[in-house]
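Overview (structure and organization)
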Amino acid sequence: MANFKPNPVEPTPEYFKPQGPVKLFDDLFFVGNKLVGSWVIRTSAGLVLIEGSGEVDHWENCLKPGLEELGFGEEKILALLLTHGHFDHYAGCDHIRRATGCDICLSAADTLYITTGIENWKHNVEIPNPHVTRIIEPGQDLVFGDHVISVLDGSGHTPGCLNYSMEVHDDGEPHRFVMMGGYGIFGPGNFLGDEYPYGTENAVGYALKFASCCVNTWEYAKRMHCDVFFNPHPHLCNMYELAEENQNRRPGEPNAFVVGEDGVRQWLLERFDACMEAAVKYTDIRMPYKRAEE
Ligand SMILES: [Zn+2]
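Residues numbered from 1 in each chain as written. Predicted model: local features only at pLDDT ≥ 70, side-chain atom pairs only at ≥ 80, totals over all residues. Heavy atoms only, no water.

Read from one edge to the other, the open sheet built from 5 strands follows the order β8-β9-β10-β11-β12, with strand pairing classed as mixed. The outermost strands of the open sheet, each flanked by one partner alone, are β8 (141–144) and β12 (228–230). Recorded for the sheet is a direction-independent mean angle of 25 degrees between the axes of neighbouring strands. Here β8 runs beside strand β9 (residues 147–153); their pairing, made up of 4 bridges, is antiparallel. Looking across to β9, one finds that Asp-141 is bridged to Ser-150. Packed on one face of the sheet, helix α5 (residues 200–224) meets β9, β10 (162–170) and β11 (173–179) and runs near 145 degrees to β9. (Pairing = 2+ DSSP bridges. Helix = DSSP H or I, 4+ residues; strand = E, 2+ residues; numbered from the N terminus. Axes fitted to C-alpha atoms, helices over the stretch in contact; angles between N-to-C directions. Contact = heavy atoms within 4.5 Å.)

A few words now on the environment of Gly-117. Looking at the element boundaries, Gly-117 is found in the loop between α4 (108–116) and β7 (134–135). Between the alpha carbons of Gly-117 and Gly-85 there is a distance of 8.1 Å; along the sequence they are 32 residues apart.

Among the structural elements, Thr-217 can be located in helix α5. Relative accessible area serves as the criterion here: at 2%, Thr-217 is assigned to the buried category. Of the polar contacts made by the side chain of Thr-217, one reaches the side chain of Asn-163; its length is 3.0 Å. If near-sequence neighbours (up to four positions away) are discounted, Thr-217 is found in contact with Leu-152, Asp-153, Asn-163, Val-178 and Leu-268. (Buried < 20%, exposed > 50% of the residue type's maximum accessible area, 1.4 Å probe, protein only. Polar contact = N/O pair within 3.5 Å; in protein donor to acceptor, adjacent residues only side chain to side chain.)

Proteins that are soluble and globular tend to have nonpolar side chains buried together. In this structure, Leu-24, Trp-39, Leu-81, Phe-177, Phe-230, Met-239 and Phe-257 are the most contacted members of the largest nonpolar core, which totals 62 residues. When near neighbours in sequence (up to four residues on either side) are disregarded, Leu-24 contacts Phe-29, Phe-30, Trp-39, Phe-230, Met-239, Asn-246, Asn-255 and Phe-257. (Core = buried A, V, L, I, M, F, W, Y, C linked by side-chain atoms within 4.5 Å.)

When strand β1 (residues 22–25) meets strand β2 (residues 28–32), the two strands line up antiparallel, connected through 3 bridges. If you follow Phe-25 over to β2, its bridge partner there is Leu-28. Between β1 and β2, which pair antiparallel one after the other, the connecting turn spans 2 residues.

Turning our attention to α5. Taking 1.5 Å as the rise per residue, α5 with 25 residues should run 36 Å; its terminal C-alpha atoms sit 36 Å apart, in good agreement. For α5, the set of buried residues is Ala-203, Val-204, Ala-207, Phe-210, Ala-211, Cys-213, Cys-214, Thr-217, Trp-218, Tyr-220 and Ala-221. Tucked inside the fold, the buried residues of α5 contact β9, β10, β11 and α7 (260–283). In the segment just after α5, His-225 is the residue with positive phi, at about 55 degrees. (Expected span 1.5 Å × (residues − 1).)

A few words now on the pattern of salt bridges. Using the criterion set out here, one finds 12 salt bridges in the structure. With its nearest N and O atoms 3.6 Å apart, the salt bridge here joins Lys-34 to Glu-14. Highlighted residues: Lys-34 in the loop between β2 and β3 (37–43) and Glu-14 in the segment before β1, separated in sequence by 20 residues. Classification of Lys-34 by relative accessible area gives partly exposed; the value is 24%. When the shortest N-O distance is used, the salt bridge between Glu-219 and Lys-222 registers 3.4 Å. (Salt bridge = Lys/Arg side-chain N within 4 Å of Asp/Glu carboxyl O.)

In terms of burial, strand β4 (residues 46–50) is a largely internal element, 5 of the 5 residues being buried. As paired strands, β3 and β4 are joined by 5 bridges and run antiparallel to one another. Counted as the bridge partner of Val-40 is Leu-49 from β4. Of the strand pairs in this sheet, β4 and strand β5 (residues 77–81) are connected by 4 bridges, and their pairing is parallel. Counted as the bridge partner of Ile-50 is Leu-81 from β5. The β-α-β motif built from β4, the intervening helix α1 (residues 58–69) and the parallel element β5 has right-handed crossover chirality. (Right-handed = clockwise from strand over helix to strand, strands pointing away.)

Looking now at the coordination of the zinc ion. Summarising the metal site, the zinc ion is bound by the protein donors His-84 (NE2), His-86 (ND1) and His-157 (NE2), whose distances to it range over 2.1 to 2.2 Å. Each donor residue of the zinc ion lies on the same chain, and together they follow the pattern H-x1-H-x70-H. Of the two residues, His-84 sits in the loop between β5 and α2 (87–90) while His-157 sits in the loop between β9 and β10, which places them 73 residues apart along the sequence. The pair His-84 / His-157 is uniform in exposure class, with both members buried. (Donors = N, O, S within 2.8 Å, 3.2 Å for Na, K, Ca; no water.)

Moving on, we get to unusual backbone geometry. Of note in the backbone geometry, Ser-53 takes a positive phi value of approximately 70 degrees without being a glycine. Secondary-structure assignment places Ser-53 in the loop between β4 and α1. Even without glycine at this site, His-131 takes up a positive phi of about 50 degrees. Among the secondary structure elements, His-131 is positioned in the loop between α4 and β7.

And the structure:
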């Protein structure tokens, strides 16, 4: 699958510039910059957002004008779902909540992690607490009008990281995405340029937990025939590149975001391998991890 490789980049200032809104499916849009932003789901009852961006002024500078450009300026925002409690996902939440009155939803473990995660102390600007108003947990199906968002366990990147899955539509045709909330697998030698503060045992435990969530998410994706994969960070799922491909799409040609079940499997397998390799590295056992032949 040509599009499956993530594209981790050293962000230039260009990556932080607000971009115009992007349509991904009939009922799914993205408004943000090349690193972070909000995924916008249009339901019969109003809008639902996934993620609040790493920019404190996301609402004023990007999301509000983006929604207006899409013609959604008058639509009610029902809820904002966070994947996890890292500041680059929740920094813009408080302004959005104050402006719209929407619920802010996150797992209990990561609502706690917002204040206990040392990663969240490592930024230069003051970031308001997102004020989580609704605790959600894996296994729940959240109903918003004609759309149902399934909450899945994505823990390991953070203690209570969440994955999401839902049906979206392309010219009326149903597709189903799975969004994996986390990406990095933190541990000794891989923590924001600093010494890893949570101890080796936790690093290995989190890496293995993340790996098991990749497997469970794949089992779910198979069962539910997921054919689209997203990471909350656009650069980690080639979002802008695929959106550009779609711009030149002729009638009847497939939506570039539809990678098929095998494409979804490759994305999840890539993270599973990375988790297992990290677990071995963090144990300091000098034995390379090797995946069993398929
Ligand atoms: Zn994170």
